Amino acid sequence: PTEDAVGPVFTNGLSTIGPFNNIPVNRAINNFRANASVQIRHGRHNFTMGGGGTRVYYNGDEPDAQRPVWTIREDFGNSSITNFRLGKPYQLSKGFGDSYRAYRNWEFLGFAGDHWTPNERLTLNYGARWEPVTRPTEVNNRFGLKMDSDWNNIGGEAGVAYRLARGGQSMGVVRGSYGVMFGK
């Protein structure tokens, strides 16, 4: 939209006219990651462990009402369409000020697991992971989020694979798994 564009015009009985008031959205999310893992093979076990961290930069300008928002309805003794033609809004709103924000937080990860093959037909996988996330902070102290860091994201996983065979002939594989994961 151009600089002089009017935000959306809401008129009862008509479709919304104009671009939404939160456009343009000027946002950038940068993730800086460092991770490491190691595998150790011991007999029929393949142990894996590792961890990492991500620094998240969330920078952006996403105003609620950068352009005027017109709401037109039946009022002043006229229908909403007549008020639209006359340019008589019921409500006119516009946001002011600097809406740029820059948030930072950390996301961590620690995990350990085992891939165990007790015999040629059975394979077991099991492990645990911890994924804490720190509370986002605004670098210019313009706004504080009312949330705490999340340190209790502990999950586990288990899986089994069993090879079906008859007389040395493979008949397929039966697999099953279960896991508890956490998302953003």
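In this report, we go over the structure that sits alongside the text. (Residues numbered from 1 in each chain as written. Predicted model: local features only at pLDDT ≥ 70, side-chain atom pairs only at ≥ 80, totals over all residues. Heavy atoms only, no water.)

### Observations concerning the packing of aromatic side chains
Then step 1. Scanning the entire structure with this criterion turns up 4 aromatic pairs.
Then step 2. Taking the centre distance of 6.5 Å and the plane angle of 55° together, the rings of Tyr 58 and Tyr 103 count as tilted. Here Tyr 58, found in strand E3 (residues 45-61), pairs with Tyr 103, found in strand E6 (residues 100-116); they are 45 residues apart in sequence, far enough to count as distant.
Then step 3. Ring geometry for Trp 106 and Phe 108: centres 5.7 Å apart, planes at 5°, overall stacked.
Then step 4. By relative accessible area, which is 35% here, Trp 106 ends up partly exposed.
Then step 5. Over the ring of Tyr 57 we find Arg 104, and its NZ or CZ is 3.8 Å from the ring centre. (Phe/Tyr/Trp six-rings, centres within 6.5 Å; stacked < 30°, edge-to-face > 60°. Helix = DSSP H or I, 4+ residues; strand = E, 2+ residues; numbered from the N terminus. Buried < 20%, exposed > 50% of the residue type's maximum accessible area, 1.4 Å probe, protein only. Lys NZ or Arg CZ within 6 Å of the ring centre and 35° of its normal.)

### Brief notes about the layout of surface pockets
Over the atoms, a rolling probe the size of a water molecule traces out where space has been left empty.
Then step 1. Considered as a void within the structure, the second largest pocket measures approximately 200 Å³ in volume.
Then step 2. Forming the boundary of the second largest pocket are 16 residues, of which Thr 48, Gly 113, Asp 114, Tyr 126 and Glu 157 lie nearest the centre.
Then step 3. Secondary-structure elements contributing two or more residues to the lining of the second largest pocket are E3, E6, strand E7 (122-130) and strand E9 (154-166). (1 Å grid on protein atoms, 1.4 Å probe; cavity = no way out; pocket = protein on both sides within 12 Å on 5 of 7 lines; lining within 4 Å. Points joined across faces, edges and corners; volume = space filled by probe spheres on them.)

### Concerning the pairing of strand E2 (residues 26-42)
Then step 1. Counting buried positions along E2 gives 0 out of 17 residues, so the element sits mostly on the surface.
Then step 2. Connecting the antiparallel pair E2 and E3 is a turn made up of 2 residues, with Gly 43 showing a positive phi of about 65°. (Pairing = 2+ DSSP bridges.)

Everything listed here is a matter of geometry and, on its own, says nothing about what the molecule does.
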